[in-house]
Amino acid sequence: MKLFNARIVLIVLLIILMGTLSGCAPVPVVPSWSSLLVTRGILYMGSQAGRVYALNAASGAEIWQHPAASEKGGVGPLYAEPVLLDDTLYIGSFDNHLYALDAHTGSQRWVFTSSGSILADVLIADGTLYVGSNDHKVYALDASTGLKKWEFATGNWIWGRPCANGGKVYVSSLDHRLYCLDASNGQKQWEFKAGGAFAGGPTVAGDLVYCGAFDNKIHAVDAENGSVRWQFETGHWVWASPLVVSDTVYVGSLDKRLYALDGLSGTKRGEFEAKGMIRAMPAYANGLLYIGTEAGTLHVLDVASRAQKWSFDAANPILSSPVVANDTVYVSVLGDTVYALDAQTGVQRWSVTPSKRK
Amino acid sequence: MVEIWNTVLFEPMLNSLLFLYSLLGRSFGLSIIVFTVLVRILTLPITWQQMRSAKSSQELQPKLQDLQKKYKNDREKLAQEQMKLYKEAGVNPLGCLVPTLIQLPIWIGLYQSIINALPNNPLQLLNLARHIYQQFPILPSLVPLNAHFLWLNLGRPDPYYALPILVVATMWMQQKMMTATTTDPQQQAMNQSMELMMPMMFGIITLQLASGLGLYFVATNVVGIVQQYFLSGWGSLATLFSGQRIPLRTTRPKGKDDGRKK
């Protein structure tokens, strides 16, 4: 017997390597953050497991889920915020489909299939749905039938919600470009190229379009011709869509700061340092700003005094926008737990993880 | 512990790959290849030591076998004599393991870098944001990277299985070159199983994981083949291509010297 068989040890090391590398491999189910819609007393949300839930906004009790609880598998993981038009709910999925569901029952009305995952939120304008896809295209669909009206190809994924104004649709893409399209036929009017990718959607207000990019800047461009009006540099990627309240643009950055900028000039009016990266657009209601962070803290700021009114620490990152309805703010955290908090005081009213409810 | 790993190994590797990506026409495949060559150059002294150690160990095999036969009933004495032999020959029996141990974190760090540099969903991209050096403005603006190289999507396994085959072939070649010719049937059988087993294991890894890692394996094997050629020539590979067969010894010669040509 040999004193030391180096080759056997080598094989053991390789087996360890195999195990380690396998552990590093991406998990088969793509995790996602769920986004919320609260309207008419009902909270709608997608989940990591690919189920859409309708919950009673007052209690968190489940009204329905899609696919039905009796069905074992879900659709693909859901990042997108559900949107409602009349009594139809629309939501895109990682499984390449955009689902149109009956808002009362959750039953499927129609489905549109693209060639890539649909992570972007849907925009509804004048009976038309506009949605971007990982197949690099933005689609205009008839809201009632799901039939395609037109499509426009960009150079990379589209993860942000388009915005529309005056017969034009503005689409941001991770190909570093912001496109202005004719809403009726998808013809390109102009494009603006930034120094980094656009992962969040643009916001249009007045004659300006605002959009944050991975060149760490917030860009304000002329809505008519795409010329740059101003740019503001932050310390990290700007992923969140800008929020415009009267003449102030509020935008969060992954540098953990929320910036308040003059909408016309881009001059900084103030900034707030949060506990973690700000990925999603803040919510505004009744003079208060609600800012979710990747550290799991929800900061609530009084806009007039620029002081923090209260904060709430959740167990997991807050990566989607909070939603305020009546006197309640709703926040979803990674892992699909939803918290309902008193919008003025932060006192928790209820929390629920629909996917774990028995 | 995770922070130390990220700061010392993962983040420098990830950002080096991104930096090379910006220099090499935004081809992530090319940046992996160039990065591999740079890593191999940096670890050349260790690799050289590993190769020399492996060669020396192989040269000692006949003497070790004689010792095993001589002290087959006295394990303690056998261990003493083996250590003595290693010491006299100036060979460290762990000499070929230390470099492998050093390379192991490099492989893991590189795989982590490839997977993280090529996110395919927002959560992975958010994770990447935590590790990119923001002080170099060019790096954050490169995202998302172009994952396509030749027929490969470097963030996913090769759908045509060509890369796993290349990994197996190049690793087998390297193994064959590293293995000294032997007339001992037991040693030959062991060598043959090793020459097949290692490449097959790496082939299976490549089959299942991101093809960027497979590209690294192929690149590192090719560099290894070149290095091995300059150290010991074609080794057993030359015998294979020349069609020569090594005669198997059925009985061991008696005495201290087993009669092998050195």
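The preceding data block contains the structure.
This structure is a prediction, so every number in the text was calculated from the model and none was measured. (Residues numbered from 1 in each chain as written. Chains lettered and ligands numbered in written order. Predicted model: local features only at pLDDT ≥ 70, side-chain atom pairs only at ≥ 80, totals over all residues.)

A. Structural detail: the overall build of chain B. From N to C terminus, chain B includes 10 helices and 2 strands. Each helix and strand of chain B, placed in order from N terminus to C terminus, yields the pattern α-α-α-α-α-α-β-β-α-α-α-α. Sorting the 262 residues of chain B into buried and exposed places 35% on the buried side. A fraction of 76% describes how many contacts in chain B between residues 6 or more apart in sequence connect residues 24 or more apart. (Helix = DSSP H or I, 4+ residues; strand = E, 2+ residues; numbered from the N terminus. Buried ≥ 20, exposed ≤ 12 C-beta atoms within 10 Å, placed from the backbone. Contact = placed C-beta atoms within 7 Å.)

B. Expanded view of the overall build of chain A. Secondary structure assignment for chain A yields 1 helix and 32 strands. For chain A, whose C-alpha radius of gyration is 22 Å, the value lies close to the compact-globule estimate of 21 Å for 358 residues. For chain A, the spread of C-alpha atoms along the three principal axes comes to 85 × 45 × 45 Å. Counting all 358 residues of chain A, 49% fall into the buried class. Summarising the internal contacts of chain A: among those between residues at least 6 apart in sequence, 39% fall at separations of at least 24. (Rg over C-alpha atoms; globule rule 2.2 N^0.38 Å.)

C. Up close: helix α1 (residues 2-23) of chain B. Residues and elements named next belong to chain B. Along its 22 residues, α1 runs 30 Å from first to last C-alpha, staying within 8% of the 32 Å computed at 1.5 Å per residue. In the structure, α1 departs most strongly from a straight axis at phenylalanine 10, where the bend amounts to approximately 40° and where the proline proline 12 lies between one and four residues downstream. For α1, the complete set of buried residues consists of Phe10, Glu11, Met13, Leu14, Leu17, Leu18 and Tyr21. In the segment just after α1, glycine 25 is the residue with positive phi, at about 65°. (Expected span 1.5 Å × (residues − 1). Bend = angle between axes of the 7 residues up to and from the residue.)

D. How the structure looks around the sheet that holds strand β7 (residues 97-102) of chain A. All names here are of chain A. A sheet is described by the order of its strands in space; here 4 strands give the open sequence β5-β6-β7-β8, paired in antiparallel fashion. Of all the strands in the sheet, the pair left with one neighbour each is β5 (83-85) and β8 (108-113). Geometrically, the sheet is characterised by an average inter-axis angle of 20° between neighbouring strands, direction not taken into account. Here β7 runs beside β8; their pairing, made up of 5 bridges, is antiparallel. Bridging from a neighbouring strand, leucine 101 pairs with glutamine 108 of β8. (Pairing = 2+ DSSP bridges. Axes fitted to C-alpha atoms, helices over the stretch in contact; angles between N-to-C directions.)

E. Layout of the pairing of strand β32 (residues 348-352) of chain A. Relative to β32(A), strand β31 (residues 337-342) of chain A runs antiparallel, the two sharing 4 bridges. Bridged to Tyr339(A) within β32(A) is Ser351(A).

F. Here's a closer look at the packing of helix α7 (residues 162-178) of chain B against helix α9 (residues 211-232) of chain B. Residues and elements named next belong to chain B. The N-to-C vectors of α7 and α9 enclose an angle of 20°; their axes lie 9 Å apart at closest approach. It follows that α7 is roughly parallel to α9 by the angle criterion. The crossing of α7 and α9 is left-handed. Judged by residue contacts, Leu163, Pro164, Leu166, Val167, Thr170, Met171, Met173, Gln174, Met177 and Met178 of α7 engage Ser211, Gly214, Leu215, Phe217, Val218, Asn221, Val222, Gly224, Ile225, Gln228, Tyr229 and Ser232 from α9. (Parallel < 35°, antiparallel > 145°, perpendicular 65-115°, else oblique. Left-handed = near helix turned anticlockwise from the far one by under 90°.)

G. Examining the nonpolar core more closely. Among the nonpolar cores identified, the biggest contains 156 residues, and Leu43(A), Val131(A), Val209(A), Tyr330(A), Val331(A) and Ile114(B) are the most heavily contacted of them. The biggest single contributor to this core is α9(B), with 7 residues. Contact partners of Leu43(A), with chain neighbours within four places excluded, come to Leu36(A), Val38(A), Leu55(A), Ala57(A), Tyr330(A) and Val338(A). Within the second largest apolar cluster, 6 residues are counted, among which are Met51(B), Met173(B), Met178(B) and Leu237(B). (Core = buried A, V, L, I, M, F, W, Y, C linked by C-beta atoms within 7 Å.)

Nothing here speaks to function; it is geometry throughout.
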